[in-house]
Each structure stands twice: as structure tokens, then as C-alpha cells.
Amino acid sequence: MASMNMIRAINSALDVMLGRDPDVLVFGEDVGYFGGVFRATDGLMRKHGPTRCFDTPISEGGIVATAIGMGAYGLRPVVEIQFADYILPAYDQLVSEAARLRYRSAGEFWAPITVRSPYGGGIFGGQTHSSSPEAIFAHVSGLKTVIPSNPYDAKGLLIAAIEDDDPVIFLEPKRLYNGPFNGRFDQPVGTWAQHPSSEVPEEHYRVPLGQAVIVREGSAMTVLAYGTMVHVALSAVEESGIDAEVIDLRSIVPLDLDTIIGSVRKTRRCVIVHEASRYGGFGGELSALVQERCFYHLEAPIERVTGWDTPYPHAFEWDYFPGPARVISAMQRALKD
């Protein structure tokens, strides 16, 4: 075991898979010589060579299209889109080609590709470096969408994604790259030191896709979150003293409905937290699923805590970014009903 932050854990996963499987390739903008804008691919080109880890032109559509072709002929490409905000030029390739290839070819071809991308806010990235587009991928049949919240899960989930035969969108919360926050969102990012999930095996291991985890057991309500918002929810519970059960979804497609339903039927209240905008966000789907399956168990309306329905505002980042105070308010409203 070694103590790692999320960047090192992702780097370790890529290193392990490059060494383990000759069909794995890593490429994208600045991922080779420079080692990635966040250094997640640092040293991989030097260690594994420029035919296994290499730089590409600034063409997100071309990057993903190349990966699809490679995947259809037996390789396992892992591509990086430098920021999730820039993934839209590749959206047609992901939706029209990667997601449909297995279905359209009756299983003759598939696209075992992994698309990594830093996503979300909390690092003063501004309007074009802070978006959370997970809902637009969750809507597409044939794509899997994974969002880790800690180093241990990041490595295990990334390995599982690379080994999966379907295309996986792997979204990495930038706010958590170097460590969880120090309880407040207007202070510098903290450190993973002494955090239980910073202890990461250096060898190969998998965290199964589609398996949520209860990170805090409780009885007063269920809080559903993923990525950075898992830590926000845990901070809100600690600050408020409310005995809430917190579930880290880890992947939104596939979704672990059994864990969600079992928890909500036990606690009878539900709060959903995500960083993306509210309207059309994945929280709406979660709310509908919980309502359909837990209607007779619920004792209060389902609450959602989300970002605003606006472009990401650089000047008002800490108002937009759902913090513990907003989560506490939602939990208190759920308890009043």
C-alpha cells in the first residue's frame, strides 16, 4: 500500500494497465511529453515509450474517433480530454459511433475505450474549465459514466473501466485531485494525508462499476452524492449533527439501485446532491427513481441541492458550488416534513 492523492492513483492505474496489457494505449492533448495539464500521465511516455503514450493534435472529435477505430480492431485506448468542457466536439463520435457500435454490428464490433476528463469546479477555473456534463452522457444508451470521490476508488474504477468492453466516460473531480477540502470552500484544497482512502495498493485491483458504497451509515435520511459532493455531504453531516446515511454512487451508469432503495426505505427521507445545474441534471433522474420505488416509505419530499441554472460563474464560484451550508438547509427541510 502507498499513500496517494487522486492524481497519483490515476497515474498508477494507467501505469499498471500499460504494463499489464499491450493493447492499452494512452493518448490525448499534452498527455505524453508534458505528462498532462494536471500531471496525471506524468512519466508514462518515458517509461512505456511514445507508441504507448503519446500526444495528439487539438481535436477532441479526432481523438475519440481514432480511439473508436482502435477499439473496434482489438486495442484498448484510454484517451484524455483536457477539460470536460471541451468534450462536446467529440460528443457526436461518442453518441453516434462509440455508444451504438456493439448494437449496430450485432456484437461483431465494440468500442472498449475509456475517455478520461477532469471535470467540475472548485479550483477557480472559470466558465470554460468548470462544467459538470455527466447528465448528457447518462442519457445515452451504451455509454457508462463513472465519477470517483477518492484515490482508492479512482484507481480501482479506472482499471475496471479500461478492462470493460463498453465505452466508459471517466470524470475526475478536479477539486479532489490533490486532496479533499478543509471543510470550507473558500479555503485552499486540503491533503489526502491521513485520509483512509489515500492508502492505495500499488498493484492491479478493480472496483466494480455500478456498485455504490455507503460511506456513512445513519437513520435520519439518505444523502445521495458522487465525486466532490460526497465530501460536501459528509461535512454537512458532521457540522449539523444530523444522523444521515451518505451513499457514494461512484458510477451513475450503471447505477446501483438496490443500495439506494434499501437505504431510502430504511431512512424514509432522501437528499440528492450534485454540482451540475439543477434543470435536467442527474438528480432529477435519481429523484424519479426513488419516488417510483419508495413512494410508500417516504415521509418527506425528496430534496435536491445543485448548482445554478447558469453558466459557471467565476466571480460567484462559492455561491454556485453546493457547499455544506446548502446541504444542511436541505436536510433540515426534509426533517421538518
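Residues numbered from 1 in each chain as written. Predicted model: local features only at pLDDT ≥ 70, side-chain atom pairs only at ≥ 80, totals over all residues. Heavy atoms only, no water.

**Student:** Please give an account of the sheet that holds strand β10 (residues 221–225) that cites residues and values.
**Tutor:** A sheet is described by the order of its strands in space; here five strands give the open sequence β9-β11-β10-β13-β14, paired in mixed fashion. In this open sheet, the two edge strands, each paired with only one partner strand, are β9 (213–216) and β14 (303–307). Neighbouring strand axes in the sheet, compared pairwise and without regard to direction, differ in orientation by 25 degrees on average. Pairing analysis gives four bridges linking strand β13 (residues 270–277) to β14, with the strands arranged parallel. Looking across to β14, one finds that S277 is bridged to G307. Sitting on the sheet, helix α8 (residues 228–240) is in contact with β9, β10, β11 (244–248) and β13, with an inclination near 170 degrees to β11. Contacts from helix α12 (residues 324–336) reach β10, β11, β13 and β14, with the element oriented near 165 degrees to β14. (Pairing = 2+ DSSP bridges. Helix = DSSP H or I, 4+ residues; strand = E, 2+ residues; numbered from the N terminus. Axes fitted to C-alpha atoms, helices over the stretch in contact; angles between N-to-C directions. Contact = heavy atoms within 4.5 Å.)

**Student:** If you had to explain the confidence of the model for the protein to someone new, which residues and values would you point to?
**Tutor:** Of the residues in the protein, 95% reach a pLDDT of 70 or more, and the chain-wide mean stands at 94. In the predicted structure, residues 185–189 sits below a pLDDT of 50 and forms 17 contacts with residues beyond four places in sequence or in another chain. (pLDDT = per-residue confidence, 0-100.)

**Student:** Any details on the sheet that holds strand β7 (residues 168–173)? Residues and values, ideally.
**Tutor:** Backbone hydrogen bonds hold the strands of a sheet together, and the pairing may be parallel or antiparallel. Spatial strand order, β3-β2-β4-β5-β7-β6-β12: seven strands in an open sheet with mixed pairing. Two strands close off the open sheet at either side, each with one partner strand: β3 (53–55) and β12 (251–253). Each strand of the sheet is rotated relative to its neighbour by a mean of 20 degrees, with strand direction disregarded. As paired strands, strand β5 (residues 114–119) and β7 are joined by six bridges and run parallel to one another. Looking at β7, one finds that R116 is bridged to F170. Each of β2 (24–28), β4 (76–80), β5 and β7 is contacted by helix α1 (residues 6–20), which is oriented at about 135 degrees to β2, the strand it contacts most.

**Student:** For helix α3 (residues 60–72), give the residues involved together with the corresponding values.
**Tutor:** Look at α3: 18 Å from first C-alpha to last across 13 residues, which is about the 18 Å you get at 1.5 Å a residue. Looking at α3, one finds that the buried residues are E60, G61, I63, V64, A67, I68, M70, G71 and A72. On its buried face, α3 is in contact with β2, β3, β4, α4 (91–98) and α5 (101–104). Looking one or two residues past α3, G74 carries a phi angle of roughly 105 degrees, positive in sign. (Expected span 1.5 Å × (residues − 1). Buried < 20%, exposed > 50% of the residue type's maximum accessible area, 1.4 Å probe, protein only.)

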